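Single-letter residue listing:
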Amino acid sequence: MIGLISATAAGAAARDRLAAAWPDRTRVYEGPVGDAVRAAFAQCERIVCFLATGAVVRLVAPLLEDKASDPGVVCVDEAGRFAVSLVGGHGGGANELAREVGEVLGAEPVVTTATDAVGLAGLDTLGLPVEGDVAAVSRALLDGEAVALRADVTWPLPPLPLSGEGAYTVRLTDRVVGPRAGEVVLRPPTLVVGVGASRGAPAEEVLALVEGALRDAGLSAASLARLATVDAKAGEPGIVEAARRLAVPLVTYAAEELARVGVPNPSDAPLAAVGTPSVAEAAALAGGGELLVPKRKSERGDGRPAMATCAVVRRPGRGRLAVVGLGPGARDLLTPRAKAELRGASVLVGLDQYVDQIRDLLRPGTLVLESGLGAEEERARTAVEQARRGRAVALVGSGDAGVYAMASPALAEASDDIDVVGVPGVTAALAAGAVLGAPLGHDHVSISLSDLHTPWEVIERRVRASAEADLVVTFYNPRSRGRDWQLPKALAILAEHRRPTTPVGVVRNASRPDESSRLTTLAALDPVTVDMMTVVTVGNTATREVAGRMVTPRGYRWQAASTSGSAAGREESR
């Protein structure tokens, strides 16, 4: 929860804007400011104070105890010009909160943390449990000193200037190790514990079994990713409570699926009870990985039979591929989610001109693999290959990644051995539509006129079907120096079903500094004026020009009635 505190009417106005934007994330604290700060400090993970920085410093100073547990504090000035990350920049989440507050209120985020200032990923911001001398190792990274990476397991990380040797170390491991001087230990979630239990097994027995299995194998509970069991045990109270106390999700599998998993220690008892010869080992191995702890039973100490079993598996380190849509080109149309993926990628793959658009957003040390036009399949293969090496990869494309862009070839290349995330972007059709007015107000279709990958016969059939269905049509890739006849042919097909006066919108470089647009008609459009940077939108039989804008009515009855009434009124006034 984010506590919101203000002292003046101006501060309260900004506070209320934030509360309205985040109704489920925020709580407003009224009353004397000192009492409000103390209450919020005890009850909230983060705090936003609409007060002077000096005042907040004096109020929170007596309350500070430990940077690992103190809430993050952000200050916003009375005029709403700045959102200052004051306390708990990393551990308390104040840096990210300052950026979020800035987006909502239009304030400039002020972040002074050293790693953020130079674009370096903070070791305590990677989303992994961290131990050791974070300050010393971070300082070494900032000073350009050699910092070695010791990876016992594979896990995708953002770009960090790590080397093979150095006086300082970042260790990536799921084993129980104590950080040495000058070392930071990162705990990736690599461990899966499969659990089986008799009905009524106490949570304490399940929990003791899991913790004991990890401890005896020298494995860290901080790297526990999840508990896993059979569907029939999804509601078993002891298992559910153990997962809750361990703060990990409980994943379940159908008995039929577990029965197909090869295990070293099958048994007739679970086969008779739930329909699979193994629960603990099979559930742990269901997602693949290395069996570190074979099935073991709980110990009750009172001579009664064990009520729980478990097995531990290290799941393979999975690379991560984010397929990112960059939007039509304007920086303010690049989504915050896309920016976050770009900042978190250790490898960026993309067309050279698209990489140039966002190169300044990349963290230092990002490996950039760029190529020229016409190498889509090669870029897709490269991105997937890099992800299979356990890296965090961003594959970028213009507009939306799934619309005539890189998502399709990448997902056709990727298998289930990597994690794939899609990041949507504003498409060229939407950007052009916003420039033209509202041409996409009713049913519409996008068609690429490039026959480099699709036979023209297929494209022509789609154009003809769209014409017969009376759909608004947006043409991508309408005309190039080597393809100059396709657009005239497509327009001729549409002209068989639409009036010569049908509005046509032509937008070049939508949202970019050299954007240009014009509204013409189906009969008047000269294809020679169109190139590959242009989007052509042809209206349907209902599309009209209204006050210089291209509008396709939504077709509601009230709209038709309103249009008729307006026409009648104009007729009567003549």
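Conventions used here
Residues numbered from 1 in each chain as written. Predicted model: local features only at pLDDT ≥ 70, side-chain atom pairs only at ≥ 80, totals over all residues. Heavy atoms only, no water. Core = buried A, V, L, I, M, F, W, Y, C linked by side-chain atoms within 4.5 Å. Buried < 20%, exposed > 50% of the residue type's maximum accessible area, 1.4 Å probe, protein only. Helix = DSSP H or I, 4+ residues; strand = E, 2+ residues; numbered from the N terminus. Contact = heavy atoms within 4.5 Å. Axes fitted to C-alpha atoms, helices over the stretch in contact; angles between N-to-C directions. Parallel < 35°, antiparallel > 145°, perpendicular 65-115°, else oblique. Nonpolar A, V, L, I, M, F, W, Y, C, P; charged D, E, K, R; others polar. Pairing = 2+ DSSP bridges. Phe/Tyr/Trp six-rings, centres within 6.5 Å; stacked < 30°, edge-to-face > 60°. Lys NZ or Arg CZ within 6 Å of the ring centre and 35° of its normal. Right-handed = clockwise from strand over helix to strand, strands pointing away.

A.B. asks: Would you mind showing me how to read the nonpolar core here?
C.D. replies: Side chains of a nonpolar character, in soluble globular proteins, are inclined to be buried together. Core analysis: the largest hydrophobic core is formed by 24 residues, its most contacted members being Val193, Val210 and Leu227. Where this core is concerned, the elements lending two or more residues are strand E11 (191-197), helix H7 (203-216), strand E12 (224-230), helix H8 (237-246) and strand E15 (308-314). No other element matches the six residues that H7 contributes to this core. Ignoring any residue separated from it by four or fewer positions in sequence, one finds valine 193 in contact with Val210, Leu214, Leu224, Arg226, Leu227, Ala228, Ala284, Cys310, Ala311 and Val312. By size, the runner-up hydrophobic cluster in this structure holds 20 residues, among which are Ala467, Leu494, Val504 and Val530.

A.B. asks: Explanation requested: the packing of helix H1 (residues 9-21) against helix H4 (residues 94-105) in the structure shown.
C.D. replies: Helix-helix packing: each pair is described by the crossing angle between the helix axes and the interaxial distance. The geometry of H1 relative to H4 is characterised by a closest axis approach of 10 Å and an angle of 100° between their N-to-C directions. Classified by the angle their axes make, H1 and H4 are roughly perpendicular. On H4, the residues touching Ala14, Arg17, Leu18 and Ala21 of H1 are Val101, Val104 and Leu105. Here the residues of the contact of H1 with H4 are counted per class, giving six nonpolar, no polar and one charged.

A.B. asks: Please explain the sheet that holds strand E8 (residues 147-151) as it appears in this structure.
C.D. replies: The strands that make up a sheet are held in pairs by hydrogen bonds between backbone atoms, and each pair lies either parallel or antiparallel. The sheet built from four strands is open, its strands ordered E7-E10-E9-E8 with mixed pairing. Either end of the sheet is taken by a strand with one partner, and the two such strands are strand E7 (130-132) and E8. Looking at each pair of strands side by side, their axes are set apart by 20° on average, direction ignored. Sheet topology places strand E9 (residues 168-172) next to strand E10 (residues 183-186); four bridges connect them, and they run parallel. If you follow leucine 172 over to E10, its bridge partner there is leucine 186.

A.B. asks: Quick question: what am I supposed to make of the packing of aromatic side chains here?
C.D. replies: The way to describe two aromatic rings as a pair is by their centre distance and the angle between their planes. Applying the stated criterion across every chain, the model contains two aromatic pairs. Consider the rings of tyrosine 404 and tyrosine 476, whose centres lie 4.7 Å apart with planes at 55°: the pair is tilted. One end of the pair, tyrosine 404, is in the loop between strand E19 (392-397) and helix H15 (407-413); the other, tyrosine 476, is in strand E23 (residues 472-476), and 72 residues separate them in sequence. Judged by its relative accessible area of 43%, tyrosine 404 falls in the partly exposed class. Measuring from centroid to centroid gives 5.0 Å for tryptophan 456 and tryptophan 485, while their planes differ by 70°, and the two rings are edge-to-face. Here the residue tryptophan 456 occupies a position in helix H17 (residues 456-468), and tryptophan 485 occupies one in the loop between E23 and helix H18 (486-495), the gap between them amounting to 29 residues. Sitting over the ring of tryptophan 22, arginine 25 keeps its end group 4.4 Å from the ring centre.

A.B. asks: What's the story with the sheet that holds strand E13 (residues 250-253) in this structure? I'm lost.
C.D. replies: One open sheet accounts for five strands, arranged E13-E12-E11-E15-E14; its pairing is mixed. Bordering the open sheet on either side are E13 and strand E14 (290-297), each of which pairs with just one other strand. Pairs of neighbouring strands in the sheet enclose a mean axial angle of 25°, with direction left out of account. Strand direction decides the pairing type here: E14 and E15, joined by five bridges, are antiparallel. Bridge pairing in E15 links valine 293 to valine 312. Most of the contacts of H7 go to E15, to which it runs at about 35°, and overall it touches E11, E12, E14 and E15. Its contacts with the sheet place H8 against E11, E12 and E13, and it is angled at close to 175° to E12.

A.B. asks: Is there a simple way to think about the pairing of strand E2 (residues 26-29) in this case?
C.D. replies: In the case of a regular strand, side chains alternate between the two sheet surfaces. Of the strand pairs in this sheet, strand E1 (residues 2-6) and E2 are connected by four bridges, and their pairing is parallel. By the bridge assignment for E2, glycine 3 is matched with arginine 27. In this region the chain leaves E1, passes through H1 and returns to the parallel neighbour E2; the handedness of that crossover is right-handed.

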